[in-house]
Amino acid sequence: MSQLTEKAIIQSFLGLLKEKPFDKITVKDIVEDCGINRNTFYYHYADIYDLLRRVFELRAREVLDLDVIKDNWPEQFLRSTVYVFENRKTVYHIYNSIDRQQLEQFLYQVAGEIMTAYVREKAKGLEADEDDILIIVDFYKCALVGMVIQWLDGGMKQEPEVVIRRIADLQDGNILRMLKRAEAKKE
């Protein structure tokens with residue numbers, strides 16, 4: 001029963017996010033929409049920000065638990081940006097609200113995990129220093145999130161697939177070259 005209630009709360013919240021900005025949604029709106037009392041809401045979530053964190057956590061797990069294509073970061077990252085594109089009204093209601101940081105944390109988490117898996121896969125058989133591997137991951141994670149934020153700021157006019165495939169084509173081979181330089185530096 002508890003999981004059904006959580007699911008109902010999340011569905012109500014997401015439905016309300018399609019209609020109005022995050023900072024205009026109240027706990028009262030959510031409980032009225034899904035037909036529960038306030039105590040039930042607070043049994044599951046400390047506040048509306050806790051609910052938002054949970055929504056992003058579930059979405060991140062959903063994106064990252066799909067078949068991990070370690071050797072194809074563009075496909076994995078595309079999954080998360082397509083979700084953003086398909087739910088742009090909801091995303092803008094969060095992005096343009098006071099809690100934009102939650103969306104950015106979600107993007108950093110997803111990009112970080114995708115790039116970590118990809119860079120570690122490329123580093124197999126090489127003796128690159130762990131610090132160098134982490135620097136490469138952070139560099140690409142920040143670059144990808146920066147591009148997504150710029151895309152959001154620009155109104156998401158381009159299809160995410162076009163942007164991500166273009167980035168992938170332009171940087172193709174760079175990560176492996178960086179790892180080989182890191183390995184050569186150790187010798």
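Residues numbered from 1 in each chain as written. Predicted model: local features only at pLDDT ≥ 70, side-chain atom pairs only at ≥ 80, totals over all residues. Heavy atoms only, no water.

Things to note about the overall build of the protein chain
The following threshold applies: Strands here are runs of E lasting at least two residues and helices are runs of H or I lasting at least four, both read from the DSSP assignment and numbered beginning at the N terminus. Only heavy atoms enter the contact rule, under which two residues are in contact if any of them lie within 4.5 Å. We treat Lys and Arg as the positive residues and Asp and Glu as the negative residues; His and chain ends play no part in the count. By convention, charge coordinates are those of NZ in Lys, CZ in Arg, CG in Asp, or CD in Glu.
The secondary structure content of the protein chain amounts to 10 helices and 0 strands. Principal axes of the C-alpha set define a box for the protein chain whose edges measure 65 × 35 × 25 Å. In the protein chain, 71% of the contacts between residues at least 6 apart in sequence involve partners at least 24 apart. The average position of the 27 basic charges and that of the 32 acidic charges among the side chains of the protein chain differ by 3 Å.

Observations regarding empty space enclosed by the protein
As a reminder of what qualifies: Using protein atoms alone on a 1 Å grid, points that fit a 1.4 Å probe yet trap it form a cavity, whereas open point sets bounded by protein on both sides within 12 Å along at least five of seven lines form a pocket; residues with an atom within 4 Å of a point count as lining. Grid points are joined across faces, edges and corners, and a volume is the space filled by probe spheres set on the points. Put simply, Ala, Val, Leu, Ile, Met, Phe, Trp, Tyr, Cys and Pro go in the nonpolar bin, Asp, Glu, Lys and Arg in the charged bin, and everything else, Gly too, in the polar bin.
Going through the model one piece at a time under the given rule, you end up with 2 cavities of 30 Å³ or more. Approximately 120 Å³ is the volume attributed to the largest cavity. In terms of lining residues, the largest cavity is bounded by 13 residues, among which Phe56, Tyr83, Thr90, Val91 and Ile94 are the most central. Contributions of two or more residues to the lining of the largest cavity are made by α1 (2-19), α4 (48-65), α5 (73-86), α6 (88-95) and α7 (100-123). Counted by class, the lining of the largest cavity contains 10 nonpolar, 2 polar and 1 charged residues. Considering only enclosed or pocket space, the second largest cavity measures out at about 70 Å³ in volume. Lining the second largest cavity, in full, are Phe77, Thr81, Leu144, Met147, Val148, Trp151, Pro160, Val163, Ile164 and Ile167. Taken together, the elements giving at least two residues each to the lining of the second largest cavity come down to α5, α8 (130-153) and α9 (160-171).

Overview of the nonpolar core
Put simply, the test is: Throughout, nonpolar core names a set of buried Ala, Val, Leu, Ile, Met, Phe, Trp, Tyr and Cys residues whose side chains join them through atoms within 4.5 Å. Whether a residue is buried, partly exposed or exposed follows from its accessible area with a 1.4 Å probe, protein chains only, as a fraction of its type maximum: under 20%, in between, or over 50%, in that order.
With 57 residues, the main nonpolar core has Phe13 and Met115 as its most contacted residues. Ignoring anything within four residues of it in the chain, the contact list for methionine 115 reads Trp73, Val137, Tyr140, Lys141, Leu144 and Ile175.

Regarding the confidence of the model for the protein chain
Keep in mind that low pLDDT regions are not for reading the predicted coordinates in detail. Here is the rule: Per-residue confidence from the predictor is given as pLDDT, running between 0 and 100.
Summary statistics for the protein chain give a mean pLDDT of 86 and a share of 94% for residues scoring 70 or more. Per-element averaging of pLDDT across the protein chain places α5 at the bottom with 78 and helix α2 (residues 27-34) at the top with 95.

A look at the pattern of salt bridges
Going by this rule: The salt bridge definition used is simple: a Lys or Arg side-chain nitrogen within 4 Å of an Asp or Glu carboxyl oxygen.
What the rule picks out here adds up to 10 salt bridges. Note that arginine 54 and glutamate 6 form a salt bridge whose closest N and O atoms lie 3.7 Å from each other. Residue arginine 54 is found in helix α4, and its partner glutamate 6 is found in helix α1; the two are separated by 48 residues along the sequence. Judged by its relative accessible area of 24%, arginine 54 is partly exposed. With a closest N to O distance of 3.0 Å, glutamate 161 and arginine 165 form a salt bridge. One end of the pair, glutamate 161, and the other, arginine 165, are both in helix α9, 4 residues apart, so they sit about a helical turn from each other. For arginine 165, a relative accessible area of 31% puts it in the partly exposed group.

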